[in-house]
Amino acid sequence: MLEKIVQLIATDPFMAHEIFFEKRHPQESAPFHRSMLKDWYSADPKVVQAVFRGGAKSTIGEEAATLIPLLGISKNFVIVGSSEPRAKERLEAIKHEYEYNECIHEIFGDVRGPTWGATKVVLKNHSCLQVLGWDQSMRGIKHYDWRPDFLWIDDPEDDDDVNTPEARLKVIKRLLSVVIPAVDAPNRKMRVTGSVLDNSSLVPTLASLPDWRPLIVTGK
């Protein structure tokens, strides 16, 4: 069964999410959601998604972050939010799926492992999810012998971070000098989701770099 699910995600992640997260999709998904999901499961090491507010980028990210560790695609999945409380919100939504998603229970049973906290969970398959705020230390995020192998940065900026050129540069420097180097497992993957708060803010800057593959959605 696990191999069939992995194959379905590899060939049609949109359909896989429609099955697993049917109750989270009361409305018809937008066409660009297919591209967003394809990015999440692609082999591309670095993807940045610039999506308008209300475009369900965080919802889709939560769903992908639910399945990727569950399927063993990632052993040490790290979520970074603009603050620790915001990052905790993402993990709480993911934990809710592990605890109450009927499709997950039918296929995997109880997936909860020995750690089930507000900032870190370990699943029965030993995969780990942990969360940090943007300004928190990136030290100590190794899990067993597994270094971080999947990073999701979700809406890392707030209005204060884009008010001045100096503030915008500070965010970009932290990403390049602190956050990215901390995710150091071989074949690591990184996904950044956010809105364009300024033409020189983090998301459009990454989208302009040659080693990041961009997906830019400007409207419904």
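Everything quoted here is computed from the prediction, not taken from an experiment.

Let's shift gears to the overall build of the chain. A tally of helices and strands in the chain yields eight helices and eight strands. Along the first, second and third principal axes, the C-alpha set of the chain runs to 50 × 40 × 30 Å. Each of the 220 residues in the chain was classed as buried or not, and the buried ones make up 51%. If you sum the accessible surface of the chain, you get close to 10900 Å²; carbon and sulfur atoms cover 51% of it.

So, about the pattern of salt bridges. Side chains bearing opposite charge may pair, as long as their charged atoms lie close to each other. In the structure shown here, the tally under the stated rule is 15 salt bridges. The salt bridge involving Lys57 is made with Asp155; its shortest N-O contact spans 4.0 Å. Taken together, the residues span a long stretch of sequence, with Lys57 in helix α4 (residues 57-70) and Asp155 in the loop between β6 (150-154) and α7 (165-182) at a distance of 98 residues. Taking the relative accessible area as the measure of exposure, Lys57 reaches 5% and is therefore buried. For Glu89, the salt bridge identified is with Arg86, shortest N-O distance 3.8 Å.

Glancing now at the packing of helix α3 (residues 32-41) against α4. Close contact between α3 and α4 brings their axes to 10 Å; oriented N to C, the two are set at 35°. The interaxial crossing formed by α3 with α4 has right-handed handedness. Residues His33, Met36, Leu37, Trp40 and Tyr41 of α3 form the contact with α4, whose participating residues are Lys57, Ile60, Gly61, Ala64, Leu67 and Ile68. Partitioning the contact of α3 with α4 into residue classes produces eight nonpolar, two polar and one charged.

Here the focus is helix α5 (residues 84-100). Taking 1.5 Å of rise per residue, the 17 residues of α5 would be expected to cover 24 Å, and the 24 Å separating its terminal C-alpha atoms lies within 8% of that figure. What α5 keeps buried is the set Ala87, Arg90, Leu91, Ala93, Ile94, Lys95, Glu97 and Tyr98.

The next subject is helix α2 (residues 13-20). Of all the positions in α2, only Pro13, Phe14, Ala16, His17 and Phe20 are classed as buried. For α2, the angular spread of buried residues about the axis comes to 160°, placing them on one side. Each element contacted by the buried residues of α2 is listed here: α1 (2-11), α3, α4 and α6 (102-108).

One ladder, built from three bridges, connects strand β3 (residues 112-116) with strand β4 (residues 120-123); its direction is antiparallel. Bridge pairing in β4 places Trp116 opposite Val121. Joining the antiparallel neighbours β3 and β4 is a turn of three residues.

What follows concerns the confidence of the model for the chain. The predicted coordinates ought not to be read in detail in places where the model reports low pLDDT. For the chain, per-residue confidence averages 92 on the pLDDT scale, and residues scoring 70 or more make up 99% of the total. Of all secondary-structure elements in the chain, the lowest mean pLDDT belongs to α1, at 82, while β4 reaches the highest, 98.

As for its position among the elements, Lys170 is in helix α7. A relative accessible area of 62% means that Lys170 is categorised as exposed. Considering only alpha carbons, one finds Lys170 and Phe32, 138 residues apart in sequence, at a separation of 31 Å.

Read from one edge to the other, the open sheet built from eight strands follows the order β3-β4-β5-β2-β6-β7-β1-β8, with strand pairing classed as mixed. The open sheet terminates on both sides in strands that have one partner only, identified here as β3 and β8 (213-217). Each strand of the sheet is rotated relative to its neighbour by a mean of 15°, with strand direction disregarded. Where strand β2 (residues 76-81) meets β6, five bridges bridge the pair, whose relative direction is parallel. If you follow Gly81 over to β6, its bridge partner there is Asp154. Packed onto the sheet, α3 meets β1 (46-51), β2, β6, β7 (189-194) and β8 and runs at close to 155° relative to β1. In this fold α5 packs onto β2, β3, β4, β5 (128-133) and β6, with an angle of close to 155° to the strand it touches most, β5.

Conventions and cut-offs
- Residues numbered from 1 in each chain as written.
- Predicted model: local features only at pLDDT ≥ 70, side-chain atom pairs only at ≥ 80, totals over all residues.
- Heavy atoms only, no water.
- Helix = DSSP H or I, 4+ residues; strand = E, 2+ residues; numbered from the N terminus.
- Buried < 20%, exposed > 50% of the residue type's maximum accessible area, 1.4 Å probe, protein only.
- Areas by Shrake-Rupley, 256 points an atom, 1.4 Å probe, with all protein chains shown as cover.
- Salt bridge = Lys/Arg side-chain N within 4 Å of Asp/Glu carboxyl O.
- Axes fitted to C-alpha atoms, helices over the stretch in contact; angles between N-to-C directions.
- Left-handed = near helix turned anticlockwise from the far one by under 90°.
- Contact = heavy atoms within 4.5 Å.
- Nonpolar A, V, L, I, M, F, W, Y, C, P; charged D, E, K, R; others polar.
- Expected span 1.5 Å × (residues − 1).
- Arc of directions from axis to C-beta.
- Pairing = 2+ DSSP bridges.
- pLDDT = per-residue confidence, 0-100.

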